[in-house]
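The residues making up each chain are set out below.
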Amino acid sequence: MQSVDRDEGQVHRKCMEGETPKVSIVVLNYNGGADVLCCLRSIEDSEGATGHIILVDNGSSDGSVGSIEKQFPGVEVLLNRDNLGYCEGNNVGLRHGLSRDSGYFLLLNDDATLETDALLRMLEAFESDPGLGVVGPKILLEEEPGRLWAAGGEFTFRPNVLSLIGTGEIDDGRFDQPRKVDFVPGCALLVRREVLEKD
């Protein structure tokens, strides 16, 4: 992400004025059990966007699809016969989502949950800089919420070796400011529509 100097209330004002950004949220599920239900609940509780949720199921066998359809009837469910993996599973959801008028697409793993204002903060970064293509949040450990799993990623000095930024560090504010990173972990990332439409 990139550092920004802006009025933090801008997206809040747009929401109140009926200019809420439209976001399609693609959740990739594989035997997500109770985790995917928590994930969907956190999306419903999120601030700052309107849109729809596309759940792509990668051939689950744990009954999670039935629970999703029962508890979240507004979620659009796409069923893959087999486990297509992370990339193609998400591509199924993105290709489907591009038929709608959403300006942004959030990819979210089935075991991830959003804090209430996480999506709003990511949208603020986009609003501040039209040149941004992908934005990601800080990711905290579920079993130790005060500790980071990642705050973006970077390429190391060795070819083809990647590392996560901040892994295991205490979430003490050092990673709160937006900044450029080499990559955004795929468990939670927000991408601008124009990036997906490029040839």
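Scroll up to find the structure this text is about.
Residues numbered from 1 in each chain as written. Predicted model: local features only at pLDDT ≥ 70, side-chain atom pairs only at ≥ 80, totals over all residues. Heavy atoms only, no water.

Asker: Is there a simple way to think about the overall build of the protein in this case?
Answerer: From N to C terminus, the protein includes six helices and ten strands. Taking the contacts inside the protein whose residues are at least 6 apart along the sequence as the reference set, 68% of them involve residues at least 24 apart. If you sum the accessible surface of the protein, you get close to 10,700 Å²; carbon and sulfur atoms cover 48% of it. (Helix = DSSP H or I, 4+ residues; strand = E, 2+ residues; numbered from the N terminus. Contact = heavy atoms within 4.5 Å. Areas by Shrake-Rupley, 256 points an atom, 1.4 Å probe, with all protein chains shown as cover.)

Asker: I tried to follow a negative patch on the surface on my own but got confused; where do I start?
Answerer: Residues Asp35, Asp111, Glu142 and Glu143 make up a contiguous surface patch of negative charge. Structurally, Glu143 is set in the loop between strand E6 (139–140) and strand E7 (148–150). Residue Glu143 is classed as exposed on the basis of its relative accessible area, which comes to 66%. (Patch = residues over 30% accessible without salt bridge, like charges linked within 9 Å, V, L, I, M, F, W, Y side chains within 5 Å. Salt bridge = Lys/Arg side-chain N within 4 Å of Asp/Glu carboxyl O. Lys, Arg positive; Asp, Glu negative; His and termini not counted. Charge placed at Lys NZ, Arg CZ, Asp CG, Glu CD. Buried < 20%, exposed > 50% of the residue type's maximum accessible area, 1.4 Å probe, protein only.)

Asker: What is the right way to read the nonpolar core from this model?
Answerer: One recurring pattern in soluble globular proteins: nonpolar side chains tend to sit buried together. Among the nonpolar cores identified, the biggest contains 28 residues, and Val27, Leu40, Ile43, Leu106, Leu108 and Leu190 are the most heavily contacted of them. Of all the elements in the fold, those that place two or more residues in this core are strand E1 (22–29), helix H2 (33–44), strand E2 (50–58), strand E4 (104–109), helix H5 (118–128) and strand E10 (188–192). It is H5 that contributes the most residues to this core, six residues altogether. (Core = buried A, V, L, I, M, F, W, Y, C linked by side-chain atoms within 4.5 Å.)

Asker: I tried to follow the state of the cysteines on my own but got confused; where do I start?
Answerer: The term disulfide refers to a covalent linkage connecting the sulfur atoms of a pair of cysteines. Tallied over the full model, the rule gives zero disulfides. With no disulfide partner, Cys38 has as its closest neighbouring cysteine sulfur the one in Cys39, 8.8 Å distant. With relative accessibility at 37%, the residue Cys38 sits in the partly exposed group. (Disulfide = S-S within 2.5 Å.)

Asker: Looking at this structure, how should I read the pattern of salt bridges?
Answerer: For side chains of opposite charge, pairing can occur when their charged atoms come near one another. Following the criterion strictly, the structure yields eleven salt bridges and no others. Of the charged contacts, one joins Glu76 and Arg100 as a salt bridge, the two residues approaching to 3.4 Å between their closest N and O atoms. Residue Glu76 is located in strand E3 (residues 76–80), and its partner Arg100 is located in the loop between helix H4 (85–97) and E4; the two are separated by 24 residues in the primary sequence. Overall, the relative accessible area of 23% leaves Glu76 in the partly exposed class. Here Arg121 ties to Asp117 by a salt bridge, and the two come within 3.5 Å at their closest N and O atoms. Salt bridges sharing common partners tie together Asp117, Arg121 and Glu124.

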